[in-house]
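# Notes for the structure review
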Amino acid sequence: TRPEAGSAHPRYRLVAERPESVARVASAILLKANESRYTPAGWTVRVLDRGDDYFVNHVRMDVPVVSDRDVVIESHWVHDPVRDIFRMEWAPPRGELPPVEAGVTRIESQGYWEVTPLASGGSRLVYEQHSEIGSSIPRWLIDRMMDDQIVDELVAVERILENDLPAVATPPPVRSSTAATGPRLPSSA
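Residues numbered from 1 in each chain as written. Predicted model: local features only at pLDDT ≥ 70, side-chain atom pairs only at ≥ 80, totals over all residues. Heavy atoms only, no water.

### Re the side chain of Arg-18
For clarity, the cut-off: Numbering of helices and strands runs from the N terminus, with a helix taken as a DSSP run of H or I at least four residues long and a strand as a DSSP run of E at least two residues long. Any N or O atom pair separated by 3.5 Å or less is treated as a polar contact, with the protein-specific requirement of one donor-capable and one acceptor-capable atom, and with residues adjacent in sequence counted only for side-chain atom pairs. In this description, contact between two residues means that some pair of their heavy atoms is separated by no more than 4.5 Å.
Locating Arg-18 in the fold gives a position in strand E1 (residues 12–18). Polar side-chain contacts of Arg-18 include one of 2.8 Å to the side chain of Glu-20. In this view, Arg-18 contacts Val-25, Gly-122, Ser-123, Leu-125, Glu-158, Leu-161 and Glu-162; residues no more than four positions away in its chain are not counted.

Below, the structure is given as structure tokens:
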């Protein structure tokens, strides 16, 4: 974790390596992001918009003890075929958001998955995210929940790679321009 400027909540980062190609790992990430069967228990996902290289989801999370949370995220992805780098970023969408139900707290989330090739073969995965969760939850509980959630993201992708993808995965849709007009998200190395 590291501090996030202007926020009481830290930014989380996970780095892992997998023996699969960038295309195969990217396929698993996209499958996880677009299939409701990979949604954690207690989460309800509603697709608000979808295109060739983006989607907008409204997610409601049933959170024990405190008020439920919801988040609206717009995700964009790009695959740079020259460097063989896949990146999917998400952030709150521009424009009007659906109303917040009574008793639910709206949170904001932004982050990315980046998959790069390793010189020795396989892929390096970086998952980074920051969420404004709301102040009614004690910090120690947020830290514990977020630590579990970050690891669960990787575990879900690994399960898809090991169990749900065919032996040869179709590469993700290629968008050759790296100047995507996606969410406002600061670049990081």
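Once the structure has been displayed, the description carries forward.
### Considering the nonpolar core
Applicable threshold: Remark: nonpolar core denotes a set of buried residues (Ala, Val, Leu, Ile, Met, Phe, Trp, Tyr, Cys) joined through side-chain atoms within 4.5 Å. Three labels apply to residues, based on accessible area from a 1.4 Å probe with only protein chains included: buried if under 20% of the type maximum, exposed if over 50%, partly exposed otherwise in between.
Core analysis: the biggest nonpolar cluster contains 34 residues, and Ile-29, Phe-86, Met-88, Trp-113, Val-115, Leu-125 and Val-157 have the highest contact counts within it. Of all elements in the fold, only E1, helix H1 (22–34), strand E3 (54–61), strand E4 (68–80), strand E5 (85–91), strand E7 (108–117), strand E8 (123–132) and helix H2 (139–164) reach the threshold of two or more residues within this core. For this core, the element with the most residues is H1, which contributes 7 residues. In this structure, Val-157 is in contact with Ala-28, Ile-29, Lys-32, Trp-113 and Leu-125, ignoring residues within four places of it in sequence.

### Some points on the pairing of E7
Applied cut-off: When DSSP finds two or more bridges between a pair of strands, those strands are recorded as paired.
With respect to burial, E7 is a largely interior element, 8 of its 10 residues being buried. Across 5 bridges, E5 lies against E7 in antiparallel orientation. Following the sheet pairing, Arg-87 is matched in E7 by Glu-114. Note that E7 and E8 share 10 bridges and pair antiparallel. Bridged to Thr-116 within E8 is Arg-124. Between E7 and E8, which pair antiparallel one after the other, the connecting turn spans 5 residues, and Gly-121 there sits at a positive phi close to 100°.

### Points about the pattern of salt bridges
How we decide: Here, a salt bridge means any side-chain nitrogen of Lys or Arg that lies within 4 Å of a carboxyl oxygen of Asp or Glu.
By the definition in use, this model includes 14 salt bridges. Between Glu-4 and Arg-11 there is a salt bridge, with its nearest N and O atoms 2.9 Å apart. Comparing Glu-4 with Arg-11 shows no difference in burial state: the two are buried. Residue Arg-13 is joined to Glu-128 by a salt bridge in which the shortest nitrogen-to-oxygen separation is 2.8 Å.

### A short note on the side chain of Glu-114
Tracing the backbone through its elements, the reader meets Glu-114 in strand E7. Assessed through its relative accessible area of 18%, Glu-114 is described here as buried. A polar contact of 2.9 Å, which involves the side chain of Glu-114, links it to the side chain of Arg-87. Setting aside its immediate chain neighbours within four residues, Glu-114 contacts Ile-85, Phe-86, Arg-87, Arg-124, Leu-125 and Val-126.

### Topic: the packing of aromatic side chains
The line we're drawing: Aromatic rings from Phe, Tyr and Trp, with only the six-membered ring used for Trp, were paired whenever their centres fell within 6.5 Å, and each pair was classed as stacked if the ring planes differed by under 30 degrees, edge-to-face if by over 60, and tilted otherwise. Whether a charge lies above a ring is judged from NZ of Lys or CZ of Arg, which has to be within 6 Å of the ring centre and within 35 degrees of the ring normal.
On inspection of all chains with the given rule, the structure shows 3 aromatic pairs. Seen in terms of ring centroids, Phe-55 and Trp-77 are 5.8 Å apart; in terms of plane orientation they differ by 45°. Their pairing is tilted. With a gap of 22 residues between them, Phe-55 in strand E3 and Trp-77 in strand E4 connect regions that are remote in the sequence. For the pair Phe-55 and Trp-77, one class covers both residues: buried. Residues Trp-113 and Tyr-127 carry aromatic rings whose centres are separated by 4.8 Å and whose planes lie at 55° to one another, so their mutual orientation is tilted. In this pair, Trp-113 sits in strand E7 while Tyr-127 sits in strand E8, placing the two residues 14 residues apart along the sequence. Exposure class is identical for Trp-113 and Tyr-127. Each is buried. These aromatic residues form a ring-pair network of at least three members: Trp-90, Trp-113 and Tyr-127. The ring of Tyr-112 is capped by Arg-87, whose NZ or CZ atom sits 3.9 Å from the centre of that ring.

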